[in-house]
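Chain by chain, the residues:
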Amino acid sequence: MARPSPDVTAVRLPEGLPRRVPVRQILCLLPLALVLVVAVQHRSVLVEGFGRLKSAEWPWLTAAVGATCLTWVAAAFTRQGAVMQRLPARRLLATQFAAGAANHLLPTGLGASAVNLRFMTVCGVPLARSSAALALYMLAESITRILLLLVLLIAFPGALHTGGLVPSSAVGPILLVAVAAVCVAVAVLLLVRRLRTAVFSFLRTALSEARSVHTRPARALALWGGSLAFPALQAAGLAAVGQALELPVPPVHIAVAYLAATLAVAAVPTPGGIGSVEAALVVALVAAGGPVAVATAVVLAYRIITVWLPLLPGALTLGALVRLKVI
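What you see is a predicted model, and the numbers here were worked out from it, not measured in a lab.

**Student:** Looking at this structure, how should I read the overall build of the protein?
**Tutor:** For the protein, the helix and strand inventory stands at 12 helices and 2 strands. Sequence-ordered secondary structure for the protein, helices as α and strands as β, is β-β-α-α-α-α-α-α-α-α-α-α-α-α. Burial status across the protein gives 40% buried among its 327 residues. Sequence separation of 24 or more characterises 73% of the internal contacts of the protein that already satisfy a separation of 6 or more.

Rendered as structure tokens:
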């Protein structure tokens, strides 16, 4: 008896006749269903955001759209720079576009990570090296984002009034929670031998992959250049939207506010940061000197451009990549 294909599953109709439904077809439709669910949940934000775009200056909005598109190119460069094996360029770029949609449908970082991990394994990169490349990408992006924020804060010390962002009474509890989390993680790592072995094995692979990448100047340039360009383009997009809606804040100060806000919400496990990112951006723009009403309008318009407009085509691309077995 022939074995059924791993990509199909049998379902029984009421008449008792079996019918095989390809699992990949279900996976292709799943992103579209998730887009519909998310859109219905945030329909009020969509209506208000599109309303804000009507009164904006279109040349600046076009610049924001261009900066958003370039973020996918920067992400593709960084992904290639994190792995030694040559990845197919067109498929890599399409995967970054699809990963953006997946990132907005699943808790922050998980969607894009899953898509890129699957893409690299399909391209023949072993799972251990794919995971190491994924960790290297995240580390490089985090380092460059923090360094970019620090450089801008040093160059423009008055760009952000941080006193209003975090109350002084909250600093102690935040530090206490952070220290407690680190202590718990270290204790678990020391007590669970199997986990400790797995973590050390992964670290050895990751360090080996990082050393190999940095022996190739082209790979290192792609890794760190793309990691720096990614947040810079995101911040430039928000600054362009601010100019389109006449936010009375200098573009560099808007960029500082964006970097500070995204770092603050990086650990919030919401799909694509939806909800948490908007709130943090509004607070940061107000701290940079913007009026609350205009800052809210800028954030809504910015999220329409960067999240909602690419979401449906990104989900369609994701489904197509699944169907074509690219991921």
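**Student:** Is there a simple way to explain the environment of Val 213 in this structure?
**Tutor:** Along the chain, the position of Val 213 falls in helix α8 (residues 193–214). A relative accessible area of 0% means that Val 213 is categorised as buried. Along the chain, Val 213 and Gln 80 lie 133 residues apart, while their C-alpha atoms are 9.9 Å from each other. What Val 213 contacts, discounting residues up to four positions off in sequence, is Gly 81, Ala 82, Val 83, Met 84, Leu 136, Arg 219, Ala 220 and Leu 223.

**Student:** Mind showing me how you'd approach the packing of aromatic side chains here?
**Tutor:** For any two aromatic rings, the description comes down to two numbers: the centre-to-centre distance and the angle of the planes. Within the structure shown, the criterion is met by 2 aromatic pairs. Taking the centre distance of 4.7 Å and the plane angle of 70° together, the rings of Trp 72 and Phe 97 count as edge-to-face. Taken together, the positions of Trp 72 in helix α3 (residues 58–81) and Phe 97 in helix α4 (residues 89–105) put the pair 25 residues apart, joining distant regions of the chain.

**Student:** Is there a simple way to explain the pattern of salt bridges in this structure?
**Tutor:** Pairing of side chains with opposite charge becomes possible as their charged atoms draw close. Summed over the entire model, instances satisfying the criterion amount to 3 salt bridges. Glu 209 serves as the salt-bridge partner of Arg 129, at 3.3 Å between the closest nitrogen and oxygen. Linking Arg 129 in helix α6 (residues 127–155) with Glu 209 in helix α8, this pair joins segments that are 80 residues apart in sequence. Overall, Arg 129 belongs to the partly exposed group, its relative accessible area being 26%. Residue classification places Glu 209 among the buried positions, given a relative accessible area of 6%. Where Arg 145 meets Glu 141, a salt bridge forms, and the shortest distance between an N and an O atom there is 2.6 Å. Linking Arg 145 with Glu 141, this pair stays in helix α6, spanning 4 residues, or about one helical turn. The exposure class assigned to Glu 141 is buried, which follows from its relative accessible area of 12%.

**Student:** Where do I start with the side chain of Arg 219 in this structure?
**Tutor:** Summarising the element assignment, Arg 219 is placed in helix α9 (residues 217–244). Summary of buried charges: Arg 219 has no salt-bridge partner, and the nearest side chain of opposite charge, Glu 209, is 8.0 Å away. A distance of 3.1 Å separates a polar atom in the side chain of Arg 219 from the backbone oxygen of Val 83. Setting aside its immediate chain neighbours within four residues, Arg 219 contacts Gln 80, Gly 81, Val 83, Met 84, Gln 85, Arg 86 and Val 213.

**Student:** Help me out: how do you make sense of helix α12 (residues 292–323) in this one?
**Tutor:** Spanning 32 residues, α12 covers 45 Å between terminal C-alpha atoms, matching the ideal 46 Å at 1.5 Å per step. A bend of about 50° at Leu 311 is the largest found in α12, and the proline Pro 313 appears one to four places after it. Where α12 terminates, the next one or two residues include Lys 325, which has phi positive at roughly 65°.

**Student:** Would you take a moment to explain the packing of α3 against α12 for this structure?
**Tutor:** A packed helix pair is summarised by two numbers, namely the angle formed by the two axes and the spacing between the axes. Interhelical geometry of α3 versus α12 gives an angle of 70° and a closest axis separation of 10 Å. Here α12 runs roughly perpendicular to α3, going by the angle between their axes. Handedness of the α3/α12 crossing: right-handed. Contact residues: α3 offers Leu 61, Ala 64, Val 65, Thr 68 and Trp 72, while α12 offers Ile 305, Thr 306 and Pro 310.

**Student:** Can you help me understand the environment of Ala 89 in this one?
**Tutor:** Looking at where Ala 89 falls in the secondary structure, it is placed in helix α4. In this structure the C-alpha to C-alpha distance between Ala 89 and Ala 76, which are 13 residues apart in sequence, comes to 8.0 Å.

**Student:** What exactly am I supposed to notice about the nonpolar core here?
**Tutor:** For soluble globular proteins, the rule of thumb is that nonpolar side chains tend to be buried together. Core analysis: the biggest nonpolar cluster contains 48 residues, and Leu 238, Val 241, Leu 281 and Leu 285 have the highest contact counts within it. Looking at this core, the elements with two or more residues in it are α3, α4, α6, α9, α10 (251–264), α11 (276–287) and α12. For this core, the element with the most residues is α12, which contributes 11 residues. The contacts of Leu 281, once residues within four sequence positions are left out, are Leu 238, Tyr 258, Ala 261, Val 299 and Tyr 302. In this structure, Leu 87, Leu 92, Val 213 and Leu 321 belong to the second largest nonpolar core, which totals 28 residues.

**Student:** Would you mind going over the environment of Val 283 with me for this structure?
**Tutor:** Looking at the secondary structure, you find Val 283 in helix α11. For Val 283, a relative accessible area of 40% gives the class partly exposed. Along the sequence, Val 283 and Ala 295 sit 12 residues apart, while their C-alpha atoms lie 8.4 Å from each other.

Reading the values: rules and limits
- Residues numbered from 1 in each chain as written.
- Predicted model: local features only at pLDDT ≥ 70, side-chain atom pairs only at ≥ 80, totals over all residues.
- Heavy atoms only, no water.
- Helix = DSSP H or I, 4+ residues; strand = E, 2+ residues; numbered from the N terminus.
- Buried < 20%, exposed > 50% of the residue type's maximum accessible area, 1.4 Å probe, protein only.
- Contact = heavy atoms within 4.5 Å.
- Phe/Tyr/Trp six-rings, centres within 6.5 Å; stacked < 30°, edge-to-face > 60°.
- Salt bridge = Lys/Arg side-chain N within 4 Å of Asp/Glu carboxyl O.
- Lys, Arg positive; Asp, Glu negative; His and termini not counted.
- Polar contact = N/O pair within 3.5 Å; in protein donor to acceptor, adjacent residues only side chain to side chain.
- Expected span 1.5 Å × (residues − 1).
- Bend = angle between axes of the 7 residues up to and from the residue.
- Axes fitted to C-alpha atoms, helices over the stretch in contact; angles between N-to-C directions.
- Parallel < 35°, antiparallel > 145°, perpendicular 65-115°, else oblique.
- Left-handed = near helix turned anticlockwise from the far one by under 90°.
- Core = buried A, V, L, I, M, F, W, Y, C linked by side-chain atoms within 4.5 Å.

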